[in-house]
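Architecture at a glance
Here are the chains, one letter per residue:
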Amino acid sequence: GVKGLEMFSPAAGEWKQAHSQARFVIMQVMLEAGQDFLTIKEVTGEDGKPDLLISMDRSKIMTVGQPAISQFLLKLQVYKSMGDIAKAKAMYDKYSEVSEPWTSRRQIVVDR
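Rules used in this analysis
- Residues numbered from 1 in each chain as written.
- Predicted model: local features only at pLDDT ≥ 70, side-chain atom pairs only at ≥ 80, totals over all residues.
- Heavy atoms only, no water.
- Helix = DSSP H or I, 4+ residues; strand = E, 2+ residues; numbered from the N terminus.
- Buried < 20%, exposed > 50% of the residue type's maximum accessible area, 1.4 Å probe, protein only.
- Contact = heavy atoms within 4.5 Å.
- Lys, Arg positive; Asp, Glu negative; His and termini not counted.
- Charge placed at Lys NZ, Arg CZ, Asp CG, Glu CD.
- Patch = residues over 30% accessible without salt bridge, like charges linked within 9 Å, V, L, I, M, F, W, Y side chains within 5 Å.
- Areas by Shrake-Rupley, 256 points an atom, 1.4 Å probe, with all protein chains shown as cover.
- Salt bridge = Lys/Arg side-chain N within 4 Å of Asp/Glu carboxyl O.
- Core = buried A, V, L, I, M, F, W, Y, C linked by side-chain atoms within 4.5 Å.
- Pairing = 2+ DSSP bridges.
- Axes fitted to C-alpha atoms, helices over the stretch in contact; angles between N-to-C directions.
- Parallel < 35°, antiparallel > 145°, perpendicular 65-115°, else oblique.
- Nonpolar A, V, L, I, M, F, W, Y, C, P; charged D, E, K, R; others polar.

Scanning the protein chain for helices and strands turns up 4 helices and 4 strands. When its helices and strands are written in sequence order, the protein chain yields β-β-α-β-β-α-α-α. Buried residues in the protein chain amount to 32% of all 112 residues. Of the contacts formed within the protein chain by residues at least 6 apart in sequence, a portion of 55% connects residues at least 24 apart. One finds the centroid of the 15 positive side-chain charges in the protein chain at a distance of 5 Å from the centroid of its 14 negative side-chain charges.

Right, here's the structure in full:
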């Protein structure tokens, strides 16, 4: 998810590896699920440099995480089965968009 931001090129505005993009999309789906299932906070590391703290409430994997991923994959599969590639691409691209706060967080990941 977050580590995959290294494979995003801000200059070109594109992902350099599809697997990194997919992991980022899955992370976005889990963040969107809410209920503090997955949280990412900008913190200061022990070395005084910016860092990211990623937390997952494992007690919510089956009640929040699994349904969120299931609904995302179901919707994607329905679009593909209907041959509606435009909607599938639009949905996937929405989740893989790297805008703020992710552009600044990308620099934290690269610097780490």
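Once that is clear, we can look at a nonpolar patch on the surface. Nonpolar side chains collect at one region of the surface, where Met56, Ile61 and Met62 lie side by side and expose about 290 Å² of accessible area between them. By the secondary structure assignment, methionine 62 is in helix H2 (residues 61-81). Residue classification places methionine 62 among the exposed positions, given a relative accessible area of 60%.

With respect to the helices and strands, the residue serine 96 is situated in helix H3 (residues 85-96). Once you skip the residues sitting within four places of it in the chain, serine 96 turns out to touch Trp15, Gln21, Phe24 and Val25.

Here we take up the nonpolar core. Judged by nonpolar contacts, the single largest core of 16 residues is most densely connected at Val2, Leu5, Phe24, Met27, Val98 and Trp102. Those elements giving two or more residues to this core turn out to be helix H1 (18-32), strand S3 (38-44) and helix H4 (102-111). Those residues within four positions of valine 98 in sequence are excluded, and the remaining contacts are Leu5, Phe8, Trp15, Phe24 and Thr103. By size, the runner-up hydrophobic cluster in this structure holds 9 residues, among which are Val29, Leu76, Ala88 and Tyr95.

Note that S3 and strand S4 (residues 50-56) share 7 bridges and pair antiparallel. Bridge pairing links valine 43 to aspartate 51 in S4. Taking the residues between adjacent antiparallel strands as the criterion, S3 and S4 are bridged by 5 residues, where glycine 48 takes a positive phi near 85 degrees.

With that settled, the discussion passes to the packing of H2 against H3. Relative placement of two packed helices is described by the angle separating their axes and the distance separating the axes. Where H2 contacts H3, the two axes come as close as 8 Å, and the packing angle between them is 150 degrees. Taken together, H2 and H3 sit at an angle that is classed as roughly antiparallel. In this structure, H2 contributes Phe72, Lys75, Leu76 and Tyr79 to the contact, and H3 contributes Ile85, Lys87, Ala88, Met91, Tyr92 and Tyr95. Looking at side-chain class alone, the contact of H2 with H3 contains 8 nonpolar, no polar and 2 charged residues.

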